[in-house]
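# Reading the structure
Each chain, written out:
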Amino acid sequence: KAGVTQTPRYLIKTRGQQVTLSCSPISGHRSVSWYQQTPGQGLQFLFEYFSETQRNKGNFPGRFSGRQFSNSRSEMNVSTLELGDSALYLCASSFPGQGLGEQFFGPGTRLTVL
Amino acid sequence: QKEVEQDPGPLSVPEGAIVSLNCTYSNSAFQYFMWYRQYSRKGPELLMYTYSSGNKEDGRFTAQVDKSSKYISLFIRDSQPSDSATYLCAMSASSGNQFYFGTGTSLTVIP
């Protein structure tokens, strides 16, 4: 069974630009969560989508947005990039009905903002 | 104050040692506690999952939760070089999928 895939793996942008990251969950998984990982703050929850609806949202500004498609694939968008947005962005998928915590993470997209 | 505090290390131990990793938290509503292992350039993988207080054992790994002290631990027995990774604790208050993670502890097991 293929794992969670994320594209692209690496991205370099400049301040003020916008970026779109993509996540394909494990087949059959309908919940997709996004996290930002930085050395100082660790993993911080961005949002979770389930059946094309945002179900939970973390404490990030409105520049961070996402969506989920009918095939459960998800995209995350960051507009007006700032230097502090440089991070590893991880997505995780889970199957509804499985115990909490059984999230499967992708390898992440490393975003560098210059 | 952060919701979850974790000593970042780094921690370096000889092969075969017992490793103790810890997290403290401030939100008494947390009920679900998890430990993830993250190798370099990989996403985190779930190691242990416990609900409420108590111990859980899986092979060389033991997870402990003390809700009265708001303290969780992960013990690794007979540590191996392949255990060298960053260990992340995570916790959640509800059945929703919003998790709060520690910053991770970097562990190196020296052969």
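If you're wondering where the values come from, they're calculated on a predicted model, not measured in any experiment.

Applying the stated criterion across every chain, the model contains 14 aromatic pairs over all chains. Considering the side-chain rings of Tyr32(B) and Tyr51(B), the 5.0 Å spacing of their centres and the 50° angle between planes classify their relative orientation as tilted. One end of the pair, Tyr32(B), is in strand S4 (residues 32–38); the other, Tyr51(B), is in strand S5 (residues 45–51), with 19 residues separating them in the sequence. Overall, Tyr32(B) belongs to the buried group, its relative accessible area being 16%. The class for Tyr51(B) is partly exposed, based on a relative accessible area of 46%. Considering the side-chain rings of Tyr36(B) and Phe101(B), the 5.6 Å spacing of their centres and the 45° angle between planes classify their relative orientation as tilted. Of the two residues, Tyr36(B) sits in strand S4 while Phe101(B) sits in strand S10 (residues 100–101), which places them 65 residues apart along the sequence. Each member of the pair Tyr36(B) and Phe101(B) is classed as buried. Following the ring pairs from residue to residue traces out a cluster consisting of Tyr35(A), Phe45(A), Phe105(A), Tyr36(B), Phe99(B) and Phe101(B).

Further remarks concern the interface of chain A and chain B. Contacts between chain A and chain B engage 26 residues on the former and 22 residues on the latter. In total, chain A and chain B occlude about 1700 Å² of area from one another, counting both sides; carbon and sulfur atoms represent 54% of this. Counting across the interface, chain A meets chain B through zero salt bridges. Applying the counting rule to chain A against chain B returns one residue pair in polar contact (both at pLDDT 80 or more). Counting only elements with at least two residues in the side of chain A that touches chain B, the list comes to strand S4 (31–38), strand S5 (42–50), strand S6 (53–57) and strand S9 (87–94) of chain A. For the side of chain A that touches chain B, a count of residues per class yields nine nonpolar, twelve polar and five charged.

Attention now moves to the side chain of Asp85(A). Summarising the element assignment, Asp85(A) is placed in the loop between strand S8 (74–78) and S9. Of the polar contacts made by the side chain of Asp85(A), one reaches the backbone nitrogen of Glu82(A); its length is 2.8 Å.

Turning to the sheet that holds strand S8 (residues 71–76) of chain B, a few remarks are in order. Residue and element names in this part refer to chain B. With respect to topology, five strands assemble into an open sheet ordered S1-S3-S8-S7-S6, the strand pairing being antiparallel. Looking at the sheet topology across the chains shown, the edges are occupied by strand S1 (4–6) and strand S6 (54–58). For this sheet the average axis-to-axis angle between neighbouring strands, irrespective of direction, equals 15°. Relative to S8, strand S7 (residues 61–66) is paired through six bridges, and the arrangement is antiparallel. Looking at the pairing, threonine 62 lines up with phenylalanine 75 of S8.

Another point: unusual backbone geometry. The peptide bond linking Thr7(A) to Pro8(A) adopts the cis configuration, its omega dihedral lying at -10°. Looking at where Pro8(A) falls in the secondary structure, it is placed in the loop between strand S1 (5–7) and strand S2 (10–13). The omega torsion of the bond from Gly9(B) to Pro10(B) falls at 10°, within 30 degrees of zero and hence cis. Here Pro10(B) shows up in the loop between S1 and strand S2 (11–14). Even without being glycine, Ser51(A) reaches a positive phi, approximately 50°. Structurally, Ser51(A) can be placed in the loop between S5 and S6. Even without a glycine there, the phi angle at Thr80(A) is positive, about 45°. For Thr80(A), the position within the fold is in the loop between S8 and S9.

Rules used throughout
Residues numbered from 1 in each chain as written. Chains lettered and ligands numbered in written order. Predicted model: local features only at pLDDT ≥ 70, side-chain atom pairs only at ≥ 80, totals over all residues. Heavy atoms only, no water. Phe/Tyr/Trp six-rings, centres within 6.5 Å; stacked < 30°, edge-to-face > 60°. Helix = DSSP H or I, 4+ residues; strand = E, 2+ residues; numbered from the N terminus. Buried < 20%, exposed > 50% of the residue type's maximum accessible area, 1.4 Å probe, protein only. Contact = heavy atoms within 4.5 Å. Buried area = accessible area lost by both parts, 1.4 Å probe. Salt bridge = Lys/Arg side-chain N within 4 Å of Asp/Glu carboxyl O. Polar contact = N/O pair within 3.5 Å; in protein donor to acceptor, adjacent residues only side chain to side chain. Nonpolar A, V, L, I, M, F, W, Y, C, P; charged D, E, K, R; others polar. Pairing = 2+ DSSP bridges. Axes fitted to C-alpha atoms, helices over the stretch in contact; angles between N-to-C directions.

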